[in-house]
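What follows is each chain in one-letter form.
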Amino acid sequence: MTAALRDTRTISLEDEQATVKGWVQEIRNLGGISFIVIRDRYGTLQVTAPKKKIEPELFQTLTTLPRESVVAVTGTVKKSDQTALGLELIPSALEVYAEAMSPLPLGVVDKVHVEPDTRLNNRFMDMRRPEIRAVFELKSLLMDLIGEAMQEMDFVQVNTPKLVSSGAEGGSTLFQVDYFGKPAYLAQSPQLYKQMLMSTGLDRVFEMGPAFRAEHSNTVRHVSEFMSFDGEMSWIQSQEDVMHTIESIMAYVFPAMAERGAKHLEILGKEIVAPKMPFPILRYQDCLEMLASKGMQLKDGDDLGTEGEKLIGEIMAEEGHDMYWIVEYPELEKPFYIMEKEGTPYSFSFDLDYKGQEISSGGQREHRYEQLVERMRAKGLDPDSFHSYLDAFRYGMPPHGGWGIGVERLLVKMLDLPNIREAIIFPRDINRLTP
Ligand code: ATP
Ligand code: MG
């Protein structure tokens, strides 16, 4: 009889013979009997090897395998009250695919503190820990759910170039590359392209893709490459239409994360709490007053800054709100493509903050060609270097608005992770380009 190929999720007492493939997590040799723990993506399985009942050679190999070697074990499935699965495998055959070298660069099950850099330098090993992998299972789910929510709302998924000829979000964070002898840049966001698409008839688009920013500071919420979830929609009456859309996305994503991510959340020992809807709307001016009441004096036009955002997060948390809007930023603070609130120094723009940190910026865009060119000039930009973008505004552009959400920032706050690097498999920052 050939043994059925199983993993730790599918193996059951109904299997008489089974083969399981995985890593050798632990070996306990008690002399007369040995226990070998095999780990795969879904969990662990105990292989129980009674010395007298199995072939000496097999016993010898099994009990002397270096930890973390990769193997296939075949054996008889037996009931067991001692293991989490309620069963164990009595081995009859072993295939060693790859022996691990020792010592290991870091332990998988040892309960010792490992420096973050050591973990990131050896990410392949770090991710053998279930609680590290769980974050990325949840990130994958989050991105799937965003896709589902967008599909329900008739958004078309698009891909825009990541090699571009001009930036959209300010020169200081542009990465320059040599493009066949000419300067080009890594895209900081899909901003210009998703707006151009509004003139095509695809009136609701979204993209999830990498965005690149040469962030010179070392913070727990900035990296040089992040996953940007961008949306752009036409025919809006005001930016509130965009804000409602984002609320609908969150209303879809949060409960589904809790439900479909339950197993991974359990591994992490975390619970996902949906933010209260609708999200309260604070004006930029309200924020200045709130901060002043806490002793933080900012001038009109100042950036709220890390500390300011955090303080507002604390005030809002006391009122029971994790997510809230900050609207009416001074026009001077916002990029050229944002629409001004005429006759005021403000703009039709918003930030969405979650637990004291910005996770999204968006707003209504300037769709009128003359005004757009005017704004570019006022910001010291040369309209000529944006001509292919501007062309899309010359022959009929609907009113539109949109947003960019940092996927990792959203996940970090959802799971209360301490650092954005915990939500990126191979993070890129000012000090890190490998692995
Ligand atoms: P911050 O002020 O926090 O640096 P930003 O206002 O410069 O962010 P935007 O240009 O508004 O960022 O980008 C939209 C979203 O993309 C942000 O709200 C954030 O979620 C995400 N984001 C921007 N820069 C980074 C980064 N360096 N690392 C991770 N996520 C980022
Ligand atoms: Mg922003």
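Quick notes on the rules
Sequence order as written defines residue numbering, which begins from 1 separately in each chain. Naming scheme: in the order in which they are written, chains are lettered from A and ligands are numbered from 1. Only residues with pLDDT of 70 or above have their local features reported here, since the model is predicted, and side-chain atom pairs are shown and tallied only from 80 upward, although totals for entire chains, interfaces and linings are computed over all residues. Each side-chain value is derived from all of the structure's non-hydrogen atoms; neither hydrogens nor water enter the calculation. If a single non-hydrogen atom of a residue is within 4 Å of a molecule or strand, that residue counts as near it. Polar contacts, as counted here, are pairs of nitrogen or oxygen atoms within 3.5 Å of one another; within protein the pair requires one atom able to donate a hydrogen and one able to accept it, and residues that are adjacent in sequence qualify only if both atoms are side-chain atoms. For the purposes of this entry, the term helix denotes a DSSP run of H or I that reaches at least four residues, the term strand denotes a run of E that reaches at least two, and both are numbered from the N terminus. We call Asp, Glu, Lys and Arg charged. Ala, Val, Leu, Ile, Met, Phe, Trp, Tyr, Cys and Pro are nonpolar, and the rest, Gly among them, are polar. Counted as salt bridges are all cases of a side-chain nitrogen of Lys or Arg within 4 Å of a carboxyl oxygen of Asp or Glu. The cut-offs for exposure are 20% and 50% of the maximum accessible area for each residue type, with area from a 1.4 Å probe on protein chains only; residues under the lower value are buried, those over the upper are exposed, and the others partly exposed. For each structure, a 1 Å grid was placed over the protein atoms alone; sets of points admitting a 1.4 Å probe that cannot get out are labelled cavities, open sets with protein on both sides within 12 Å along at least five of seven lines are labelled pockets, and lining residues have an atom within 4 Å of a point. Grid points are joined across faces, edges and corners, and a volume is the space filled by probe spheres set on the points. By the convention used here, strands pair only if DSSP detects at least 2 bridges between them. In this analysis, two residues are considered to be in contact whenever any of their non-hydrogen atoms come within 4.5 Å of each other. Helix axes are fitted only over the stretch in contact, all axes being lines through C-alpha atoms; the angle between N-to-C directions runs from 0 to 180 degrees. Two distance rules govern patches: like charges are joined within 9 Å, and nonpolar side chains (Val, Leu, Ile, Met, Phe, Trp, Tyr) within 5 Å, applied only to residues with over 30% relative accessible area and no salt bridge. Here, Shrake-Rupley sampling with a 1.4 Å probe gives the accessible areas, and only protein chains in the shown set may cover a residue. Expected helix span is given by 1.5 Å per residue-to-residue step, counting one fewer step than there are residues. Nonpolar cores were defined as sets of buried Ala, Val, Leu, Ile, Met, Phe, Trp, Tyr and Cys residues, with membership established by side-chain atoms within 4.5 Å. Ring pairs shown here join Phe, Tyr and Trp side chains whose ring centres sit within 6.5 Å, with only the six-membered ring taken for Trp; geometry is labelled stacked below 30 degrees between planes, edge-to-face above 60, and tilted in between.

## Digging into the site of ligand 1
Argument step 1. Around ligand 1 sit 14 residues, and of these His-222, Val-223, Glu-358, Ile-359 and Arg-409 come closest.
Argument step 2. In this structure, an oxygen atom belonging to ligand 1 sits 2.8 Å away from a side-chain N or O atom of Arg-409.
Argument step 3. Among the elements of the structure, β16 (357–364) and β17 (400–406) are those that each provide at least two residues to the shell around ligand 1.
Argument step 4. The dominant element in the shell around ligand 1, judged by the number of residues it contributes, is β16, at four residues.
Argument step 5. Among the residues forming the shell around ligand 1, the class breakdown is four nonpolar, five polar and five charged.

## Focus: the pattern of salt bridges
Side-chain pairs of opposite charge can arise whenever the charged atoms involved come near each other.
Argument step 1. Overall, the coordinates contain 30 salt bridges when judged by the stated rule.
Argument step 2. Notably, a salt bridge pairs Arg-67 with Asp-110, separated by 3.3 Å at the nearest N-O pair. Within this pair, whereas Arg-67 is found in the loop between α1 (56–64) and β5 (70–79), its partner Asp-110 is found in the loop between β6 (87–98) and α2 (116–121), the two being separated by 43 residues in sequence.
Argument step 3. What makes Asp-110 partly exposed here is its relative accessible area of 37%.
Argument step 4. When the shortest N-O distance is used, the salt bridge between Glu-340 and Arg-375 registers 2.9 Å. Of this pair, Glu-340 sits in the loop between β14 (323–327) and β15 (349–354) while Arg-375 sits in helix α10 (residues 369–378); the two residues are 35 residues apart in sequence, bridging distant segments of the chain.

## Let's talk about the layout of surface pockets
Argument step 1. Of the volumes computed, that of the second largest pocket is approximately 590 Å³.
Argument step 2. Put simply, the parts of the chain that give the lining of the second largest pocket at least two residues each are β3 (33–40), β4 (43–50), α4 (130–152) and α7 (262–268).
Argument step 3. Of the residues contributing to the lining of the second largest pocket, the split by class is six nonpolar, four polar and eight charged.

## Let's talk about the sheet that holds β16
Argument step 1. The mixed open sheet is built from eight strands, whose spatial order is β7-β11-β12-β17-β16-β15-β14-β13. Looking at strand neighbours, the two that pair on one side only are β7 (156–157) and β13 (281–283), the edges of this open sheet.
Argument step 2. Across five bridges, the pairing between β16 and β17 is antiparallel. Bridge pairing in β17 links Ser-360 to Ile-405.
Argument step 3. Along the sheet face, helix α9 (residues 305–318) touches β13, β14, β15 and β16 and points at about 130° away from the line of β14.

## Examining a nonpolar patch on the surface
Argument step 1. Taken together, the side chains of Leu-163, Tyr-179 and Phe-180 define a hydrophobic patch exposed on the protein surface, amounting to about 380 Å² of accessible area.
Argument step 2. Looking at where Tyr-179 falls in the secondary structure, it is placed in strand β9 (residues 176–179).
Argument step 3. Given a relative accessible area of 40%, Tyr-179 falls into the partly exposed group.

## A word on helix α6 (residues 239–260)
Argument step 1. With 22 residues, α6 extends 32 Å between its outermost C-alpha atoms, agreeing within 8% with the 32 Å of an ideal straight helix rising 1.5 Å per residue.
Argument step 2. Regarding α6, the residues found buried are Gln-239, Val-242, Met-243, Thr-245, Ile-246, Glu-247, Ile-249, Met-250, Val-253, Phe-254, Ala-256 and Met-257.

## Looking at the nonpolar core
Argument step 1. Counting residues in each nonpolar core, the largest one holds 55 residues, and the members touching the most others are Phe-229, Met-250, Met-257, Trp-403, Met-414 and Leu-415.
Argument step 2. In terms of residue count, α4 provides more of this core than any other element does, eleven residues in total.
Argument step 3. Not counting the four nearest positions on each side in its chain, Phe-229 is found in contact with Ile-146, Met-150, Phe-206, Glu-207, Met-208, Ile-249, Trp-403, Gly-404, Ile-405 and Val-407.
Argument step 4. Among the nonpolar cores identified, the runner-up in size contains 19 residues, and Ile-38, Val-47, Ile-54 and Leu-89 belong to it.

## Section: unusual backbone geometry
Argument step 1. The omega torsion across Ser-102 and Pro-103 is 5°, close enough to zero to call that bond cis.
Argument step 2. Turning to its location among the elements, Pro-103 is positioned in the loop between β6 and α2.
Argument step 3. For the bond from Met-277 to Pro-278, the omega torsion is -10°, close enough to zero to count as cis.
Argument step 4. Its place among the elements puts Pro-278 in the loop between α7 and β13.
Argument step 5. Look at Phe-180: it is not a glycine, yet its phi comes out positive at around 50°.
Argument step 6. Note on placement: Phe-180 falls in the loop between β9 and β10 (182–186).
Argument step 7. At Asp-416, a position not held by glycine, the phi torsion is positive, near 50°.
Argument step 8. Mapping Asp-416 onto the fold places it in the segment after α12 (407–414).

## A closer look at the packing of aromatic side chains
Argument step 1. Taken as a whole and judged by the stated rule, the model has twelve aromatic pairs.
Argument step 2. Ring geometry for Phe-254 against Tyr-354: centres 6.0 Å apart, planes inclined by 80°, an arrangement best described as edge-to-face. Here Phe-254 is found in helix α6, whereas its partner Tyr-354 is found in strand β15, with 100 residues between them in sequence.
Argument step 3. Ring geometry for Phe-279 and Trp-325: centres 5.9 Å apart, planes at 45°, overall tilted. Taken together, the positions of Phe-279 in the loop between α7 and β13 and Trp-325 in strand β14 put the pair 46 residues apart, joining distant regions of the chain. We note that Phe-279, like Trp-325, is buried.
Argument step 4. Following the ring pairs from residue to residue traces out a cluster consisting of Phe-336, Tyr-337, Phe-386, Tyr-389 and Phe-393.

## Section: the environment of Pro-105
Argument step 1. Structurally, Pro-105 can be placed in the loop between β6 and α2.
Argument step 2. Along the sequence, Pro-105 and Asp-126 sit 21 residues apart, while their C-alpha atoms lie 9.3 Å from each other.
Argument step 3. If we ignore the near neighbours within four places in the chain, the residues touching Pro-105 are Thr-118, Asn-122, Phe-124 and Met-125.

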